[in-house]
Amino acid sequence: MPSLKSLRIRINSVKSTQKITKAMKTVAASKLRRAQEAAQAARPYAERMERMLASLAAGQADNDNAPRLLNGTGRDQVHLLVVATADRGLCGAFNSSIARAARRKAQELLQAGKEVKILCVGRKGRDILRRDLAKHIVDSMEATKGKRLAFSDADGVKAKVMEMFEKGEFDICTIFYNHFRSAISQVVTEQQLIPAAVAGSEPVDLGGAAYEYEPDEEQILDRLLPRNLTVQIYRALLENQASEQGARMTAMDNATRNAGEMIKKLTLVYNRNRQAVITKELIEIISGAEAV
Amino acid sequence: MADKVTFELVSPERLLLATEADMVVVPGQEGDFGVLSGHQPVISMLRPGAVDIYEGERLVERIFVAGGFAEVSSDRLTVLVEEATAQKDVDQAALPRRIAELRERIEEAGEDDALRQSLEARLAYLELMGESGQPH
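Residues numbered from 1 in each chain as written. Chains lettered and ligands numbered in written order. Predicted model: local features only at pLDDT ≥ 70, side-chain atom pairs only at ≥ 80, totals over all residues. Heavy atoms only, no water.

Q: What exactly am I supposed to notice about the side chain of N240(A) here?
A: All names here are of chain A. With respect to the element layout, N240 can be found in helix α6 (residues 217-291). N240 gets classed as buried once you look at its relative accessible area, which sits at 4%. N240 has contacts with A84, T85, F94, I98, Y177 and N178, leaving out every residue within four places of it along the chain. (Helix = DSSP H or I, 4+ residues; strand = E, 2+ residues; numbered from the N terminus. Buried < 20%, exposed > 50% of the residue type's maximum accessible area, 1.4 Å probe, protein only. Contact = heavy atoms within 4.5 Å.)

Q: What is the right way to read the sheet that holds strand β1 (residues 78-84) of chain A from this model?
A: Pairing between the strands of a sheet is mediated by backbone hydrogen bonds and can be parallel or antiparallel. All names here are of chain A. Read from one edge to the other, the open sheet built from five strands follows the order β3-β2-β1-β4-β5, with strand pairing classed as mixed. On the outer flanks of this sheet lie β3 (137-141) and β5 (186-194), each paired with one strand and no other. Across the sheet, the mean angle separating the axes of adjacent strands is 20° when strand polarity is ignored. As defined by bridge partners, β1 adjoins strand β2 (residues 115-121) across seven bridges and the pair is classed as parallel. Pairing of A84 across the sheet is with V121, part of β2. Where helix α4 (residues 123-133) meets the sheet, its contacts fall on β1, β2 and β3, and the angle it forms with β3 comes to roughly 160°. (Pairing = 2+ DSSP bridges. Axes fitted to C-alpha atoms, helices over the stretch in contact; angles between N-to-C directions.)

Q: When you look at the pattern of salt bridges in this model, what are you seeing that I'm missing?
A: A pair can form between side chains of opposite charge whenever their charged atoms are brought close. Residue and element names in this part refer to chain A. The final tally for this structure, using the stated rule, is 21 salt bridges over all chains. Close ionic contact of E163 with K167 constitutes a salt bridge, the shortest N to O distance being 3.2 Å. Each of the salt bridges in this network shares a partner with another, and the network as a whole consists of K25, D253 and R257. (Salt bridge = Lys/Arg side-chain N within 4 Å of Asp/Glu carboxyl O.)

The following block contains the structure:
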């Protein structure tokens, strides 16, 4: 049976752990709100760009000379998986579920005889994937450089992807991230970046009129597609950021509750022990007095 | 005046401005063009320059943009930019220093063409703010 002193120490340590998890939960909650706002604010740009792209792509569907970013290289031999995770842990299954999805996809592709390259965005994803897919990881970077996620962070990822694409190092690029549904539910999502998936949005109805392009369609597409790539990556990173905070909030909430339960249990044992000691002392005194 | 045109200025981070105006002049790749209500649908690239918003004959706001895209469709003008600064927010005092810094970085960039080009575009943007930033 543990001594009273060691129980007291134990209870105190669980109490201070609870304080920490509680604080982390509060911090995550406020960060979550900010991340959600950022994700919301970024939506108009992405929507309008998608609309523009849809009307441009409609005219390029059967053009053999269309930019390769739009129609792909015509092969699907080499896949690049961009795995976007967080830089920090302590957020429940957030990082591991993304990594699991990426690993499953990688194994599927490898079994099908394809080549797989992995670009890790975020420290945690790299740490997890390094265990069994180390030789496939081509590069890794941190998710955010500064305190807050900026558009330039997405630009850095895009620059790397574009550099590899221009060198012909892969044919198809897919990004893995957590789609933010609510604070307690995040869905791992894989989205194809190259060739660009534009089928999702309808071109605007112009009432019979057609767009005029200035200077011309090809040049605009040449500029618009890389831009769109950045926007898609940026959006994924924003979603991820909100999801990360949501997951951390839930995880820390659970941890706080578990700590509370543990304290209750330990206190119960402590009190019972204390009582037993008192009873024992009383018995000793009484039996001592009787003997005299 | 006839109908107005709905104007939206959007950056990747947020919707910067949504307003109605009689005419908006945007710096297209092949020359500035004014957008009034009923303009033909156009998708155009933008060069670094000034977006002017007119209310009647009066220039109400001038915003400097560092290049981007403009889309006109049925009485609506959407401008996608990476960076925009309203004329009234331009810090004239800090401009010469920022331009000088940028010039230095262009010198340093040397052989790196991609970097130099992006820096030069930035320089053009800053210089533009310096030149036409003065009140008329």
